[in-house]
Amino acid sequence: MFKCCPSMQTKRVGSSVAAQSAVRQTARLEHKKSTTKFNDNNNVRRLKYSTKVNTTNKRTMDPIIFFTVLTVLYGVLYFFDRFFKSCMHYPYDAFLRNTGLNVNFMSLHWHSNASTFNRMLIRWGSAAGNSCTRSFLVKCFNVGVLLSFLLLPIGIILLIITIFNGSDGGTAAAAEATATAAGATTVATATVQLEILLPGVNLPLQEIGYYVATLVLCTLLHEIGHALAAVLEDVPVTGFGFKVYFCLPLAYTELSHDHLNSLRWFRKLRILCAGIWNNFVFACVCYLFITTLGIIMSPFYQYNEHVIVTELTAKSPLRGDRGLQVQNVITQLNACPISNEDSWLSCLQQAQQQRLGYCISSDFIRLNDESIDIAHHNAEGRLQCCDERNPNVSCFEYIEDATVDAPAEIPQHVCLPMRRTLEDSSGYCRAGTCAQGYCLRPMLRNTTSILVFKRQSLDQQPLPPVMYVGQPRDVLRSVRVSAFVPRYKHISSAWPDALSLLLRYNVVFSIGLALINAIPCFGFDGAHITSTVIHSFLVGRVEEHAKRDLISLIITSVGSLLFGLALLKVAWLSLLRPLL
């Protein structure tokens, strides 16, 4: 926001609140976040992808550690501030005045009189004069005014949905995890939600660099919008600064109160809405870069052709000499080709939902069958035709070919070595039809699947396939992949992935800032926009200035109440209740 005079200071929340009203689908930051959703017609089988160990103690300790470390840092800064003010009063005060810093209890404040910045803006504005650049910027800020009025009802509706929506985010997430673990199928609905984003709470601590960089960039662009629009209207910029209350950053721009109030209402609205416009344009630019990142990086990376393994967690079941390796390029999972991260997720879903059979020759079956004399059902109710003490063999069921009337030449159930059987198979089968051999399907538990990863090296040399018998969600949890496959060995897939993640952060936070500042709420641009509109359009009907102020106060109070209630609900669901 901005402040017009020392007695009337209006600030804008720039961090966690910046993302609170971002329109986020349940698949936000599609492939990088804690939950991955798979769509299968109208049903979705949700397979969890977590970067942390999914235990209650772990989820509880992360925010506690984050807030504890932050509190200790503030305590140390406050202690040294009091110490230097008592022991080195004059030199320390001179340092604070020169730098514009101010340390308070659990808060930091930096302020600049903007003399250099203001002179630069004035020089640029004067150089623009009546040129096409000035005309273009004025037209852009005119569109920004219309955009702000368009975002106002969207923000209000979003707040109302958040407050009165009966869905429970925390309980739903926990139930989703339980249902996924049990192999259940859940129905997904595209929901718009409001969420407080804090590193260590619902954002990974290792992404705090993206978080801070996004906050600084988004708030800086917002303030530049106010300052630039003010210079175009010949309103001096007298200062700007940042405040941080615990983990909540605030930013403001200081404008001349007299010059601002002397403008006509629409010219004043250009200045008030310029920050919203800048955030919206920046979000659009970032989204454009996201959609074209594959083309931009094409000289150095192959994009959406295959996926490359970028990381294996320490406890990944696919680690080992015969498992996946970092820099392996995965081309196929079972019979499902993999071209990008979406197909990677889709193939894992298909592996969990579909039970494929394998075409095995009769000679291999006859030579390797180790069926026991008396087949029986184990404790799980599955037919067991193998010696349970031998972990290398598995019971296979013969799937009859409905198009063939001749009787089968092999028994209904056979016991074969798992790895050798898959290596000897001539292909996959679903309905019992095989060009050669017989269709055999392994009898596994409902949550267990056979995954065969076909892979190659960066120089496109084929590598031996990796076979894994387990749950696909374990693969999601422990294997990180990227759709950016380097063309050269000395470059890393981490670079475009990091850029993509930063762009996604900026889209979410920029849209959040634009929506929040359009709402008539104390401390945001929307409060000043509401006051300007009320005093401009009701001046003929309500002659007394005090009554117009009262109307503006009532509208802003209602917006603030809605915003406060939404914040309380989101804070309870996202932050407080998980800690209890």
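Position numbers for residues start from 1 in each chain and track the written sequence from start to end. Note on the predicted model: pLDDT of at least 70 is required for a residue's local features to be given, and 80 or more for side-chain atom pairs to be given and counted; whole-chain, interface and lining totals, by contrast, use all residues. To obtain the side-chain values, all non-hydrogen atoms of the structure were used and water was disregarded.

## Observations regarding the UniProt feature "transmembrane region" (unreviewed entry) in the protein chain
At step 1: The feature "transmembrane region" (unreviewed entry), as annotated in UniProt, sits at residues 64-80, 143-165, 177-198, 210-231, 237-255, 276-301, 507-529 and 550-572 in this numbering.
At step 2: Helix and strand assignments follow DSSP, with helices taken as H or I runs no shorter than four residues and strands as E runs no shorter than two, numbered in order from the N terminus. Helix makes up 100% of residues 64-80 and strand 0%, with an end-to-end C-alpha separation of 24 Å.
At step 3: Annotated as 96% helix and 0% strand, the span residues 143-165 places its first and last C-alpha atoms 33 Å apart. UniProt positions are given in the numbering used here, feature names are shortened, and annotations may be inferred rather than shown by experiment.

## Describing empty space enclosed by the protein
At step 1: Both cavities and pockets are sets of points on a 1 Å grid over the protein atoms alone; in a cavity a 1.4 Å probe fits but cannot get out, in a pocket the set is open with protein on both sides within 12 Å along at least five of seven lines, and lining residues sit with an atom within 4 Å of a point. Grid points are joined across faces, edges and corners, and a volume is the space filled by probe spheres set on the points. Within the structure shown, the criterion is met by 2 cavities of 30 Å³ or more.
At step 2: For the largest cavity, the calculated volume is near 90 Å³.
At step 3: Along the walls of the largest cavity sit Asn334, Ala351, Gln354, Arg355, Leu356, Tyr358, Arg441, Pro442, Leu444, Ser449 and Ile450, which together make up its complete lining.
At step 4: Any residue outside Ala, Val, Leu, Ile, Met, Phe, Trp, Tyr, Cys, Pro, Asp, Glu, Lys and Arg is labelled polar, Gly included; the first ten of those are nonpolar and the last four are charged. Of the residues assigned to the lining of the largest cavity, the class counts are 6 nonpolar, 3 polar and 2 charged.
At step 5: Residue composition of the lining of the second largest cavity, grouped by class: 5 nonpolar, 3 polar and no charged.

## A short note on helix H14 (residues 525-537)
At step 1: If you check H14, its first and last C-alpha atoms are 18 Å apart, about what 13 residues at 1.5 Å a residue would give, namely 18 Å.
At step 2: Under the scheme applied here, a residue whose accessible area is under 20% of the maximum for its type counts as buried, over 50% as exposed, and between as partly exposed, the area being computed with a 1.4 Å probe on protein chains only. When H14 is considered as a whole, its buried residues turn out to be Asp525, Gly526, Ala527, His528, Ile529, Thr530, Thr532, Ile534 and His535. Expected helix span is computed as 1.5 Å times (number of residues minus one).

## Examining the environment of Val533
At step 1: On the secondary structure map, Val533 appears in helix H14.
At step 2: Distance in space between the C-alpha atoms of Val533 and Ser552 is 8.9 Å, their sequence separation being 19 residues.
At step 3: Working rule for contacts: check all heavy atoms of both residues, and any pair within 4.5 Å makes them a contact. Aside from chain neighbours lying at most four places away, what touches Val533 is Phe149, Leu269 and Leu538.

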